[in-house]
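Summary of the model geometry
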Amino acid sequence: MRLATWNVNSIRARVERTVEFAVREHIDVLAMQEIKCKAEQFPFAAFEEAGFHVEAHGFSQWNGVAIASREPLADVSYAFPGMPGFAKDHVGDDAPQEARAIGATIGGVRIWSLYVPNGRALEDPHYFYKLDWLSALQEHVGDELQRTPDLPLALVGDFNIAPTDADNGDPAVVPGFSTHVSEPERAAFAALESAGLTDVVRPLVPTGYTYWDYKRLRFPKNEGMRIDFILGSHALANAVTGAAIHRDERKGEAPSDHVPVVVDLDFTSEEDDDDRPMIFG
């Protein structure tokens, strides 16, 4: 299985580019974030013509997530258990959920496409919402892997966190003053790893960014950030055979400000083929 994640920054504006990438790179499963449309507005036909099944989750021109797969998607979920909501100036614990998570089981692998809240500023209510959202995600992952420790689980998407200083090359993003690099955010990312996940790309691609601001010539100067990740459970991490950050997708006409991150997975085993997830042909 070739699994990719990409914050496409408006799927309707970039559908041709997105589908062309998925076909050219032989992607089996593409998780998308920031689709910026309602589910009924998603350009399903372009993906279906290319041989993909798609599930999309979006409420408006903001946020939104989707998964496209060569094989049918099962057990589709539009929020993980305990996922908090957010609304400006809302008081109480019953704020409406945003379209920031979609999960599906594909070929025996449980995959979540996630668009973690941005945080906006260190004292903004959105920042505390972000931390609450990540805490709920960590609790869900811990519970899931405690129940099924051998589950091939992938959490992929735009995490809006640069977990180490090496992941931040944007001079405008300053520890102590900016989101994405604060200690609480980095601690929340580390908590996901403590819950049983690992960054399966970093060992194979130790350098390189996944996002560059459109402003101030950030891309030509390579002043980017690595904030898009594929985090896998033990069972999934053991199946990784390759990884890549497709930097060139930031080039060309009207690109997204993010680029795709891709991993290759091979669950085949001579000793125990029958218990392994299905592999795409």
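Shown above is the structure to which this text applies.
Anyway, here's the lowdown on the structure attached to this text. In every chain, residue numbers begin from 1 and rise along the written sequence. Note on the predicted model: pLDDT of at least 70 is required for a residue's local features to be given, and 80 or more for side-chain atom pairs to be given and counted; whole-chain, interface and lining totals, by contrast, use all residues. Only hydrogens and water are removed before side-chain values are computed, so all heavy atoms of the structure are retained for them.

Turning our attention to the overall build of the protein chain. Helices and strands together make up the secondary structure of the protein chain, namely five helices and 12 strands. In this description the radius of gyration comes from C-alpha coordinates, and the expected globular size is given by 2.2 Å times residues to the power 0.38. Taken over the C-alpha trace, the protein chain has a radius of gyration of 18 Å; the compact-globule value for 281 residues is 19 Å, and the two agree within 12%. Taken over the C-alpha atoms alone, the protein chain extends approximately 50 × 45 × 40 Å along its principal axes. Once local pairs closer than 6 in sequence are excluded, the contacts in the protein chain between residues at least 24 apart make up 71%. Reported accessibility uses the Shrake-Rupley method at a 1.4 Å probe radius. Residues are deemed covered only where the shown protein chains occlude them. When the accessible surface of the protein chain is totalled, it reaches about 12,500 Å², and 49% of it is carbon and sulfur. For this count, His and the chain ends are skipped, Lys and Arg are scored as positive, and Asp and Glu as negative. A charge is said to be at NZ when it belongs to Lys, at CZ for Arg, at CG for Asp and at CD for Glu. For the protein chain, the distance from the average position of its 25 positive side-chain charges to the average position of its 45 negative side-chain charges is 10 Å. Numbering of helices and strands runs from the N terminus, with a helix taken as a DSSP run of H or I at least four residues long and a strand as a DSSP run of E at least two residues long. Note on contacts: a residue pair is in contact if any heavy atoms of the two residues lie within 4.5 Å.

Here the focus is the pattern of salt bridges. Once their charged atoms are close, side chains differing in charge can pair, the charge on each being opposite to the other. By definition here, a salt bridge exists when the distance from a side-chain nitrogen of Lys or Arg to a carboxyl oxygen of Asp or Glu is within 4 Å. Within the structure shown, the criterion is met by 17 salt bridges. Here Arg-2 and Asp-264 are joined by a salt bridge, their closest N and O atoms 2.6 Å apart. Pair noted here: Arg-2 is in strand S1 (residues 2–7) and Asp-264 is in strand S12 (residues 261–265), with a separation of 262 residues, a long-range link. Partly exposed describes any residue whose relative accessible area lies between the buried limit of under 20% and the exposed limit of over 50%, with all areas from a 1.4 Å probe on protein chains only and scaled to the type maximum. A residue is classified by how much of its surface remains accessible, and Arg-2, at 24% relative accessible area, is partly exposed. One salt bridge connects Arg-202 with Asp-167, and the closest N-O pair in it is separated by 3.1 Å.

Let's shift gears to the pairing of strand S7 (residues 109–115). Of all the seven residues making up S7, seven are buried; the element is thus mostly covered by neighbouring parts of the structure. Residue alternation in S7 divides its side chains into two sets, Val-109, Ile-111, Ser-113 and Tyr-115 and Arg-110, Trp-112 and Leu-114, and both sets are buried. Sheet topology places strand S6 (residues 101–106) next to S7; six bridges connect them, and they run antiparallel. The residue of S7 that forms the bridge with Ala-104 is Ile-111. Hairpin connection from S6 to S7: two residues lie between these consecutive antiparallel strands, with Gly-107 at a positive phi of about 55 degrees. Paired strands, in this sense, are two strands between which DSSP finds at least two bridges.

What follows deals with the sheet that holds S12. Spatially, S3-S4-S2-S1-S12-S11 is the arrangement adopted by the six strands of the open sheet, whose pairing is mixed. Strand pairing shows two members of the sheet lacking a second neighbour, strand S3 (53–57) and strand S11 (240–245), which therefore form its edges. Within the sheet, the average angular offset between the axes of one strand and its neighbour, ignoring direction, is 10 degrees. Looking at chain direction, S1 and strand S2 (residues 29–33) are connected through five bridges and run parallel. Counted as the bridge partner of Trp-6 is Met-32 from S2. The strands touched by helix H1 (residues 11–24) within the sheet are S1, S2 and S12, with S2 carrying the most contacts at an inclination of about 160 degrees. Note on geometry: axes are lines fitted to C-alpha atoms, helical ones only across the stretch in contact, with angles between N-to-C directions running from 0 to 180 degrees.

The subject of this paragraph is the nonpolar core. Ranked by internal contacts, the top residues of the largest apolar core, which has 31 residues, are Leu-3, Ile-106, Ile-111, Ile-230 and Leu-265. Of all the secondary-structure elements, those providing two or more residues to this core are S2, strand S4 (65–69), S6, S7, strand S8 (153–158), S11 and S12. The term nonpolar core refers to a set of buried residues drawn from Ala, Val, Leu, Ile, Met, Phe, Trp, Tyr and Cys, joined through side-chain atoms within 4.5 Å. One finds Tyr-129, Phe-159, Phe-189 and Leu-231 within the second-largest nonpolar core, a separate group that totals 26 residues.

On to unusual backbone geometry, then. One non-glycine residue, Ser-10, lies in positive phi territory at about 95 degrees. Within the chain, Lys-36 stands out as a residue other than glycine whose phi angle is a positive 60 degrees. When you line up the elements, Lys-36 lands in the loop between S2 and helix H2 (44–49). According to the relative accessible area criterion, Lys-36 is partly exposed, its value standing at 21%.

The sheet built from six strands is open, its strands ordered S5-S6-S7-S8-S10-S9 with mixed pairing. Two strands close off the open sheet at either side, each with one partner strand: strand S5 (74–77) and strand S9 (198–199).

Glancing now at H1. Of all the bends in H1, the largest measures some 35 degrees and sits at Arg-17. Of all the residues in H1, the buried ones are Ile-11, Arg-14, Val-15, Arg-17, Thr-18, Val-19, Phe-21 and Ala-22. Buried residues belonging to H1 abut S1, S2, H2 and S12. Positive backbone phi, approximately 55 degrees, marks His-26, located one or two places after H1. Note that bend, as reported per residue, equals the angle between axes fitted to the 7 residues terminating at that residue and the 7 residues originating from it.

This next bit is on the pairing of strand S10 (residues 228–232). Across the five residues of S10, five count as buried, placing the element largely inside the fold. Covered by surrounding structure in S10 are Asp-228, Ile-230 and Gly-232 together with Phe-229 and Leu-231, the residues of both alternating faces. Of the strand pairs in this sheet, S8 and S10 are connected by five bridges, and their pairing is antiparallel. If you follow Gly-157 over to S10, its bridge partner there is Phe-229. For S9 and S10, the ladder comprises two bridges, and the chain directions are antiparallel.

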